[in-house]
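# Observations on the model geometry
Letter by letter, the chains look like this.
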Amino acid sequence: MSKSTSSGTDTEPGATSWLRGWRPAVGMAGRNLRRNRVRTVLAVLGVCIGVLAVAALGIFGNVLALGANDAIGDIGTQVVVSPNSDTGVESLSTTDVAEIRRAVDDPAVGDPAVVPLYSDNGIVAGASSQTFATIYGVEEPALAFEAAEGELPDRHRQGAIIGAGVATDLNIGTDDTVEIVGSQVRVVAVLAETQTFSPVAPDDAVFLPESAFAADGYAQALIISESGETAQAAADAIRREVNAREDRVDLFELAAIVDEINGFFDLLSTFLLGLGAISLVVAGVSILNVMLMSTVERRQEIGVMRAVGVTRRDVLRVLLAEAGLIGAAGAAAGTVLTVILVAALVAATPAVDASLVIDPTNAYYLLLALGFGVGVGIISGAYPAWKAANERPVEALRS
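So, a few notes on the structure that sits alongside this text. Worth saying up front: this structure is predicted, and the values here are computed from it rather than measured.

## Quick word on the packing of helix α4 (residues 94–104) against helix α6 (residues 228–241)
Their axes nearest at 8 Å, the elements α4 and α6 cross at an angle of 125 degrees. One way to sum up the angle between α4 and α6 is to call them oblique. For the pair α4 and α6, the sense of crossing is right-handed. For the pair α4 and α6, the contacting residues are Ile100, Ala103 and Val104 in the first and Ala234, Ala237, Ile238 and Glu241 in the second. Looking at the contact of α4 with α6 residue by residue, the classes come out as six nonpolar, no polar and one charged.

Structure (structure tokens):
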């Protein structure tokens, strides 16, 4: 019977044995930390502040990046093709537009929409005021724009489509009449407000049918893709096909602007995380100091433990558990304080969109700071624990 029991103990799973070895170590570590509560609280506070700095600065940087992406919208999916005046090309001919359509008519490019535009400038007058606006001629406005009022026709044959800025300046809406270059035109739709860095600014523009223009060629062509990657592929295809013999067209890739903005915010987030990490490094030094002082003060105690048969491994476990508990307590408190701080920011600042703050990507910074805080505690306690566990019991008792 005793053989069977001994055999069962010998074949006990390693994971269970490992956990059983840590349970009493954690309990003893907790009692040791409570014996000097002021020092423990100060060490926990240092980790808490470091975790709060890392998590809060990381989340703030990410919220800025998400807000910028939200403000930019989908401009990264557009490419603006213009005639290259440096080579003497003043407008895009119907042949140029046909070549652009052939260049992007490829499954690898995603078959984006091509919207050619006539362009001019003029005074647009409402019932009581007037404003200066860009006037475009477009045949298929629904491919490139969205309406806030009214409905965009599949084929623009009559009436005027007014940008959001022009509609606000003139205080007009659908079914109102505006005067454009001496002609009275009924407003059939008002475009949704946009925030774009494109040469084509629909907010301050009026869109008329192509038949209203007598120009020989188009001023620009908008390429509307489903994603930034397909927009870049479309731009490359146009360069290869349309500019094969001479640079007839210039391309303005909005995806390049988006990439630069995203790169800036990535750099900003890294910088903010670096600032927060400095606080955690300081907290790690604090834990290192606490553990070194603790092992020096308890040198005789550790010597007695070793003398009565406590193994180096058990001493190491106790001291590592102390450092880990300090790191875990500080990390947990810092994470909770971060959530409270961010919630208070949202409540006190109406300009901050709550949906950006609760974005799932922000959880990464909470988990990063939590893991970093626990890791700092364990790493800072590793050397004092190793030093205490490897000291000879005779030397420890002699002190």
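## Looking at a nonpolar patch on the surface
On the surface, a nonpolar cluster with roughly 390 Å² of combined accessible area is contributed by Val38, Leu42, Leu45 and Ile49. Topologically, Ile49 is positioned in helix α3 (residues 37–72). Classification of Ile49 as partly exposed rests on a relative accessible area of 47%.

## Points about the nonpolar core
Val81, Ile162, Ile180, Val206 and Ile238 are the most contacted members of the largest nonpolar core, which has 38 residues in total. When residues in this core are grouped by element, the largest group, five residues, is from α6. In contact with Ile238, other than residues within four places in its own chain, are Val81, Ile100, Ala103, Val104, Ile223, Asn243, Val249 and Leu251. The next biggest cluster of nonpolar side chains, apart from the first, holds 32 residues, and it includes Ile302, Ala331, Val357 and Ala385.

Conventions and cut-offs
- Residues numbered from 1 in each chain as written.
- Predicted model: local features only at pLDDT ≥ 70, side-chain atom pairs only at ≥ 80, totals over all residues.
- Heavy atoms only, no water.
- Axes fitted to C-alpha atoms, helices over the stretch in contact; angles between N-to-C directions.
- Helix = DSSP H or I, 4+ residues; strand = E, 2+ residues; numbered from the N terminus.
- Parallel < 35°, antiparallel > 145°, perpendicular 65-115°, else oblique.
- Left-handed = near helix turned anticlockwise from the far one by under 90°.
- Contact = heavy atoms within 4.5 Å.
- Nonpolar A, V, L, I, M, F, W, Y, C, P; charged D, E, K, R; others polar.
- Patch = residues over 30% accessible without salt bridge, like charges linked within 9 Å, V, L, I, M, F, W, Y side chains within 5 Å.
- Areas by Shrake-Rupley, 256 points an atom, 1.4 Å probe, with all protein chains shown as cover.
- Salt bridge = Lys/Arg side-chain N within 4 Å of Asp/Glu carboxyl O.
- Buried < 20%, exposed > 50% of the residue type's maximum accessible area, 1.4 Å probe, protein only.
- Core = buried A, V, L, I, M, F, W, Y, C linked by side-chain atoms within 4.5 Å.

Geometry only, nothing functional implied.
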